[in-house]
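Survey of secondary and tertiary structure
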Amino acid sequence: MNNNNRHLISILMENEAGALSRVANLFSARGYNIESLTVAPTDDPSLSRLTLVTYGNEQIIEQIVKQLNKLIDVVKLIDLSETDAIERELMLVKTKASGEQRAEMKRLADIFGGHVLDVTEATYTIELTGTGSKLDNFLRAIEKEAILEVVRSGATGIALGQKALRV
Amino acid sequence: MDLITGAEILVRCLKEEGVECMFGYPGGAVLHIYDALYAQDHIKHVLVRHEQAAVHAAEGYARASGKTGVVLVTSGPGVTNAVTGIADAYMDSIPLVVFSGQVPTALIGNDAFQEVDAVGITRPCVKHNFLVRDIKNLAETIKKAFYIASTGRPGPVLIDLPKDITIGKAEFHYPKKIKLRSYNPTVKGHAGQIRKAVDLILSAKRPVIYTGGGVILSEGSPELVELTQLLGYPITNTLMGLGAYPATDRQFIGMLGMHGTYEANMAMHHCDVLIAIGARFDDRVTGKIDKFCPEAKIVHVDIDPSSISKNVQVDIPIVGSVPSVLRGMINVVRDEKLKPDAEALDRWWRQIDEWRAMKSLSYRQSDEVIKPQYVIQKLYEVTEGKAIVTSDVGQHQMWAAQYYLFDRPRQWINSGGLGTMGFGLPAAMGAKLAFPDQDVACVTGDGSIQMMLQELSTMKQYYTPVKIVNLNNGYLGMVRQWQEFFYQKRYSMTYLEALPNFVMLAEAYGHVGMRIEKPGDVEGALREAFAMKDRTVFLDFITDQGENVFPMIPSGGGQNEMLLAERDEMVSTHDEGMVLL
């Protein structure tokens, strides 16, 4: 009950100016955690899809879901952690890649299913997708000093099977 | 169809919504709207002297009448001044539509003269807000605003209007109905939940009905009275809920909470079934959450799902509007001829009557100095319990809530959630405009009244004769009380030296002023004031400087840990309690 579990909450909301601020504002005003947040329009241009990762015990998550539903711009939402779902995050990593390091870096990128998008004499830029923890694992696997820059999109997700979040 | 200006569209929309009275203050960004108002005569516009007062007056109007209050302010300082009022309405779920002027669309973001991000500033304290960017959306946006403000759990909605939108032209078409895919409040309670709730309620040995402002907002008072009398259970109201159940009825055990009666708080603490209706388990009611109703199973009826299990986990939640859900409960009880446990109830009432016999609202009367409680009791007698009473915030607010017995909903108007000093006077003006034929009293203090004094001028201009009952103790009394109890009488910044001569001040504004210093003069002064039907009278009662509000549950205490007047040694609360302050 008091465990702070990680929740991936996905929201369909009106594609209106200010809608994103309302969500962000709610979290800061009520002292909830946001670990990541990603938002983009959907196939229906009047709707945006916002996915966020938060932590909290059962009671806090229940309040977060209720408070989000109370926002006038929120049309529908789903807590993907409560259902079978796919979670994906995109990461771009710029690494040092010279000498012996170069082959090792390429090998690790391959193991994690990454692609090298840009190559210079001394660097690689690697693209990886996966769950948050897979991306964490990649960063742990490579030498810390080799990392030049890390960009992560934040997690997004979709339910498995026939379940679909649509209006 | 003819093309008309945005300003004219706005005025036409207000007419369609049946708006009769609005409150505001002009300025550059809303000049076009004021010009459109000048050209019509079906909406009365009240020119306040400060935008905060416009919102409080609209709140007073809305709280007294149940209609949606309407406010119009200009951009920049106009809207920032209104923010306190908007936040006040948000905390107490009062339906308002606030129009704010904005700089022309092309200048937004340029730090233009009198520009602020009104939708950004108000976002945390409105139910919803809009910035109108296209005149074609104006009428529909206004329709949405009134719909959102007045349905579900009501609240303030702000519409920010760039000046070019009010000048531009469009066809006028006002939608008859509006449907929002993302907003559809649940009104009808779940039948299965209602059934479960009735079973639990009837199994109770020590039940208490605890109701809040939601009963009043939803016009659920008739159903509440019917159900309560059908069951024969004790009922307590929150500060916001007073009047929903007649205070003079035997089943009413008084207000609960930090300054609630002994019997109400003891009954809450010892109950086995708590029936919470349109109340939100506010910290002034629950005290320390771990000690709240330790033995109770809880039913909670509320239209806002996020109110349920927010502070206290409940056993049977019912989302829906109060009258609809209570009607459902009444039908189940009547149709199946269900009866409460008469024997247990009898025992419970005997226990409650013992607590009642403590007379927790008693105070020591004096022949020398006016006791503030006595003023409220006399106010109650002189007005025969029928006046609309507004209040400011502090000790006088608690005394008004404790000693004036409210028998009908919308009779008691105060700032409950936000606790806004300055609320009372403009709210009284709004209430008087809604009900010109009723007596309106504003119970206030020497601190609060000075926060909105300028409205005495508005009250002169619009003939809103209210009676101002100033309980003048020369202190910020509630803060002083806490300093006495918990800060070893270090009265830091609570003594108001150099108070104005309120009598002369009232007279300067064209009203009647009276100063009352002797207990023997209290009743006569009130009778004289209320006899002056067409005048605003400022009654400056010089009251006991050291009087405190009792009973009192110190922060961090449980509901059974009350301090009663002159019976308990005041003890310092522990550190945890001080944080809760």
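A brief structural summary.

Some remarks on the sheet that holds strand β13 (residues 297-302) of chain B
Within a sheet, neighbouring strands are paired by backbone hydrogen bonds and run either parallel or antiparallel to one another. Residues and elements named next belong to chain B. Within the open sheet, the six strands sit side by side as β11-β10-β9-β12-β13-β14. Their pairing is parallel. Because the sheet does not close on itself, it has two edges, and the strands there are β11 (252-255) and β14 (316-319). On average, each strand axis in the sheet is tilted by 15° relative to the strand beside it, whichever way the strands run. Bridge analysis of strand β9 (residues 207-211) against strand β10 (residues 235-237) gives three bridges, and the strand direction is parallel. Bridge pairing in β10 links T211 to N237.

Some details on the packing of helix α1 (residues 6-16) of chain B against helix α6 (residues 138-150) of chain B
The relative placement of two packed helices comes down to the angle between their axes together with the axis-to-axis distance. Residues and elements named next belong to chain B. At a minimum axis separation of 10 Å, α1 and α6 run at an interaxial angle of 35°. Two packed elements cross with a definite hand, and for α1 against α6 that hand is right-handed. Between α1 and α6, the contacting residues are G6, I9, L10, C13 and L14 on the first element and L138, A139, I142 and F146 on the second. By residue class, the composition of the contact of α1 with α6 is eight nonpolar, one polar and no charged.

Brief notes about the nonpolar core
Residue and element names in this part refer to chain B. Counting 109 residues, the largest nonpolar core has L274, M329, L539 and F541 as its most contacted members. Element by element, the count of residues in this core is highest for helix α13 (residues 322-335), at seven residues. Those residues in contact with M329 that sit more than four places away from it in its chain are I194, A197, V198, I201, L227, V299, V301 and I318. Counting 50 residues, the second-largest nonpolar core is a separate cluster that includes A87, M429, V466 and A506.

Section: a nonpolar patch on the surface
Residues and elements named next belong to chain A. Together, L90, L92, L117 and V151 give the surface a local cluster of nonpolar side chains, amounting to about 310 Å² of exposed area. Checked against the element boundaries, L90 lands in strand β5 (residues 85-96). Using a relative accessible area of 33% as the deciding quantity, one classes L90 as partly exposed.

Description of the interface of chain B and chain A
Residue-level contacts link 17 residues of chain B with 20 residues of chain A. Here chain B meets chain A over a buried area of about 1,700 Å², counting both sides, of which 45% is carbon and sulfur. For the pair chain B and chain A, the interface holds two salt bridges. In this structure, the connection of chain B to chain A is made through eleven residue pairs in polar contact (both at pLDDT 80 or more). For the side of chain B that touches chain A, a count of residues per class yields five nonpolar, six polar and six charged.

Quick notes on the pairing of strand β4 (residues 74-79) of chain A
Residue and element names in this part refer to chain A. Buried residues dominate β4, accounting for five of its six residues. As judged from the five bridges shared by strand β1 (residues 5-14) and β4, these two strands associate in the antiparallel manner. Following the sheet pairing, L12 is matched in β4 by K76.

Here we look at the packing of helix α11 (residues 262-270) of chain B against helix α14 (residues 342-356) of chain B
All names here are of chain B. Direction vectors running N to C along α11 and α14 enclose 140°, while the axes themselves pass 8 Å from each other. Comparing their axes, α14 and α11 come out oblique. Read as a crossing pair, α11 and α14 show a hand that is right-handed. Contacts from Y262, E263, M266, A267 and H270 of α11 reach α14 at W348, I352, W355 and R356. Here the residues of the contact of α11 with α14 sort into six nonpolar, one polar and two charged.

About the thresholds
Residues numbered from 1 in each chain as written. Chains lettered and ligands numbered in written order. Predicted model: local features only at pLDDT ≥ 70, side-chain atom pairs only at ≥ 80, totals over all residues. Heavy atoms only, no water. Pairing = 2+ DSSP bridges. Helix = DSSP H or I, 4+ residues; strand = E, 2+ residues; numbered from the N terminus. Axes fitted to C-alpha atoms, helices over the stretch in contact; angles between N-to-C directions. Left-handed = near helix turned anticlockwise from the far one by under 90°. Contact = heavy atoms within 4.5 Å. Nonpolar A, V, L, I, M, F, W, Y, C, P; charged D, E, K, R; others polar. Core = buried A, V, L, I, M, F, W, Y, C linked by side-chain atoms within 4.5 Å. Buried < 20%, exposed > 50% of the residue type's maximum accessible area, 1.4 Å probe, protein only. Patch = residues over 30% accessible without salt bridge, like charges linked within 9 Å, V, L, I, M, F, W, Y side chains within 5 Å. Areas by Shrake-Rupley, 256 points an atom, 1.4 Å probe, with all protein chains shown as cover. Salt bridge = Lys/Arg side-chain N within 4 Å of Asp/Glu carboxyl O. Buried area = accessible area lost by both parts, 1.4 Å probe. Polar contact = N/O pair within 3.5 Å; in protein donor to acceptor, adjacent residues only side chain to side chain. Parallel < 35°, antiparallel > 145°, perpendicular 65-115°, else oblique.

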